[in-house]
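An overview of the molecular structure
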Amino acid sequence: MSQTSSFWQPSEQHYKRFIWVCMGLGAFFRLFHYFSNRSLYTDEAYLANNLLVRSFGELTQPLDTAQHAPLFFLWVQKFNLLWAGNSELALRLFPLVVGLVGLIMFGSLLKAFRVGIVGGMVGFAAFAFAHPLVYYSSESKQYIVEVLCTILGLLMYFRFRNTTSWRDYLVYAAAGVVMLWFSYSSLFGLVSIGMVHCWQLLRHKQWVQLRIFVVIYASWGISFLLNYLFIIAPNSLQSGEIQSMWLDAFAPFPPTSVADLKWHFITLFSLFDYPLGLNWSFLPPYVPYYFTFAVFALGAMIVGAWVLYNRSRAELLLLLLPVGLTYLASAFGKYPFSERLMLFAVPYFFVLMAIGAQQLYQALAQKWPKAVWLGLLLMVMAPMISAVKDVAYEKEFGGWKRREIKEAISFLKMHKKNQETLYINHIASALPYYNQVQGLNWTYQMFTIDVVPPVNERGILRQIYLNKQQSDTFWIVVAGDSEMDKTATPLTHKQAFIYFFDTHFQKLQQFRAKGMYTAQYRFR
């Protein structure tokens, strides 16, 4: 084979080398951002504050500050804090390990779905470099664990679906039971697996196997039921916090207006941007957003669905049914169909894209090899560019979620007097964490000021003036993604907080860091 034909028609050896390179680069990106050791994001800090003060038993109770996480994930995090200390690296160690394991296991998932060489290269590159997957591999939250559970659930199905070993039955049952305590969203994948498998056994009249696997899948259902009754329902659903926080993330079904239809198009675009990371968000902001949509990736997924429909409808259902069940749960107001809560579904979409990419290559490469490879490259261009850009501009990694409170604390250490009180907004919840783990012992109060003037303006001013006898100066620490702009309408939480203090007190000095603002004030 000539060099030209070899390049356009990669061999199994080329595929293995490519996977190893992508795996190495994917691991590098994840490790790089882990050891960059950025400050805790607000939600990380909320969860960390719970982990610091609660015992293993107390973590079964509803968490403070509207936090929700699977119990076994919380226990692993608590164990890491006890074993490795109260650092950010300890908090993010488990997500990092899970992210690296998921990177390895996704290659096995592509093989399980019999994805060809070229499609496998496309799918694995997308998984290795996608910004959301890299980011959540170094965030102290459960979302990357849910991705691994999705992959493991599918691999378990392929491994055990035809087994007749009682040992395998027990392993299969136990794995599903445990998985539901590490990942809430694994319910959608495991229910889909149970439905598809039982349908197959019923079709082929394998009555003995059907009875056995029904018992296994029932054990999964009992596990989730116990989890729901004793952990999920008391912690989440009764408080209504999730519904209010994710109000726009619940599907309007059936759609009864143009606005409802528009929701579906916007949600599709948003999913390809986050959590899939396939949209061309790297383009300049003046480029219309519809030009950034990953149309090549969407086309490959549609082709992939068509291929599986003709080849194995059971495998197609394994990929589409979990997403459909999630959409249905969203329509009933039980699960937000948006952003990081859909991260668990990334493997389903990437496998579909890989299968479609393989089919497009086989159908068109002989006639238009360069055009086909260009199209395949465009499918994964956004993740590749994003991964490199995030290393080159590490201080921007995380976007609006990047809040460098450690820089603000360093400034305060140099300028703050011991008797001065700190006033913080609720988004700056990382300060209580660092106040404890660094032994700062700073006095602080947290206020919620969303509008100007605040609803409880007199009460807030009264609390502040009560501390005047300690010192005639004080500091504010404010987190948020918007800088001060008094002309903005309406003001953001961060802007409203700053504007309130600027109005009532004399500002002496200020300091800004990414996503953070701190200033010293004097009583007038």
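Here the structure is a predicted model, which is why all the values come from computation and not from measurement.

**Some details on the overall build of the protein**
- In terms of helices and strands, the protein carries 21 helices and five strands.
- The C-alpha radius of gyration of the protein comes to 25 Å, within 12% of the 24 Å expected for a compact globule of 524 residues.
- Referenced to the eigenvectors of the C-alpha coordinate spread, the extents of the protein come out at roughly 80 × 55 × 50 Å.
- Burial statistics for the protein: of 524 residues in total, 53% are counted as buried.
- Contacts in the protein between residues at least 24 apart in sequence constitute 72% of all its contacts with a sequence separation of at least 6.
- By element, 64% of the accessible surface of the protein is carried by carbon and sulfur atoms, the whole surface being about 24000 Å².
- The average position of the 42 basic charges and that of the 28 acidic charges among the side chains of the protein differ by 7 Å.

**Concerning the confidence of the model for the protein**
- The predicted model of the protein averages 92 in pLDDT, with 95% of residues at 70 or higher.
- Every residue in residues 1-5 scores below 50 in pLDDT, and together they form two contacts with partners more than four places removed in sequence or on other chains.
- Taken as a whole, residues 484-488 scores under 50 in pLDDT and shows 10 contacts with residues more than four places along the chain or in a different chain.

**Here's the deal with the packing of helix α14 (residues 295-311) against helix α15 (residues 313-331)**
- Relative to each other, α14 and α15 sit at 140°, their axes nearing to 6 Å. As the angle between them shows, α14 and α15 are arranged oblique. Taking contact as the criterion, the partners of A305, L308, Y309 and R311 in α14 are, on α15, R313, E315, L316 and L319.
- Counted by class, the contact of α14 with α15 contains five nonpolar, no polar and three charged residues.

**A few points about the side chain of S183**
- Counting through the fold element by element, S183 comes out in the loop between α9 (166-179) and α10 (186-203).
- The exposure class assigned to S183 is buried, which follows from its relative accessible area of 0%.

**Considering the pairing of strand β1 (residues 422-425)**
- Along β1, one buried face is formed by L422 and I424 and the opposite face, lined by Y423 and N425, is buried too.
- By the bridge criterion, four bridges tie β1 to strand β2 (residues 444-447) in an arrangement that is parallel. The partner of I424 across the bridge, within β2, is M446.
- A crossover links β1 with its parallel partner β2, the connecting element being helix α19 (residues 430-437), and its sense is right-handed.
- One ladder, built from three bridges, connects β1 with strand β3 (residues 473-479); its direction is parallel. Bridge pairing in β3 places I424 opposite V477.

**Describing the pairing of β3**
- Of all seven residues in β3, seven are buried; the element is thus mostly enclosed.
- Here β3 shows no split at all, with T473, W475, V477 and A479 on one side and F474, I476 and V478 on the other all buried.
- In this sheet, strand β5 (residues 516-522) lies alongside β3 in antiparallel orientation, the contact comprising seven bridges. If you follow F474 over to β5, its bridge partner there is Y521.

**Examining the nonpolar core**
- One finds Y172, L278, F350 and M353 to be the most contacted residues of the largest nonpolar core, which totals 150 residues.
- No other element matches the 13 residues that helix α8 (residues 143-160) contributes to this core.
- Sequence-distant contacts of F350, defined by excluding residues within four places in its chain, comprise F106, G123, A126, F127, A130, L133, L276 and L278.
- Grouped together as the second largest cluster of nonpolar side chains are 19 residues, F447, F474, I476 and Y517 included.

**Quick look at the sheet that holds strand β4 (residues 506-513)**
- Ordered by their spatial adjacency, five strands build an open sheet running β2-β1-β3-β5-β4, and the pairing between neighbours is mixed. Of all the strands in the sheet, just β2 and β4 have a single pairing partner and so form its edges. Pairwise comparison of adjacent strand axes, ignoring direction, gives a mean angle of 20° for this sheet.
- Against the sheet, helix α20 (residues 457-466) touches β1, β2 and β3, its axis set at about 175° to β2.

**Digging into helix α2 (residues 12-36)**
- Here α2 is 25 residues long and its end C-alpha atoms lie 36 Å apart, about the 36 Å a rise of 1.5 Å per residue gives.
- For α2, the complete set of buried residues consists of Y15, I19, C22, M23, G26, A27, F29, R30, H33 and Y34.
- Looking one or two places after α2, you find N37, whose phi comes out positive at around 55°.

Quick notes on the rules
- Residues numbered from 1 in each chain as written.
- Predicted model: local features only at pLDDT ≥ 70, side-chain atom pairs only at ≥ 80, totals over all residues.
- Heavy atoms only, no water.
- Helix = DSSP H or I, 4+ residues; strand = E, 2+ residues; numbered from the N terminus.
- Rg over C-alpha atoms; globule rule 2.2 N^0.38 Å.
- Buried < 20%, exposed > 50% of the residue type's maximum accessible area, 1.4 Å probe, protein only.
- Contact = heavy atoms within 4.5 Å.
- Areas by Shrake-Rupley, 256 points an atom, 1.4 Å probe, with all protein chains shown as cover.
- Lys, Arg positive; Asp, Glu negative; His and termini not counted.
- Charge placed at Lys NZ, Arg CZ, Asp CG, Glu CD.
- pLDDT = per-residue confidence, 0-100.
- Axes fitted to C-alpha atoms, helices over the stretch in contact; angles between N-to-C directions.
- Parallel < 35°, antiparallel > 145°, perpendicular 65-115°, else oblique.
- Nonpolar A, V, L, I, M, F, W, Y, C, P; charged D, E, K, R; others polar.
- Pairing = 2+ DSSP bridges.
- Right-handed = clockwise from strand over helix to strand, strands pointing away.
- Core = buried A, V, L, I, M, F, W, Y, C linked by side-chain atoms within 4.5 Å.
- Expected span 1.5 Å × (residues − 1).

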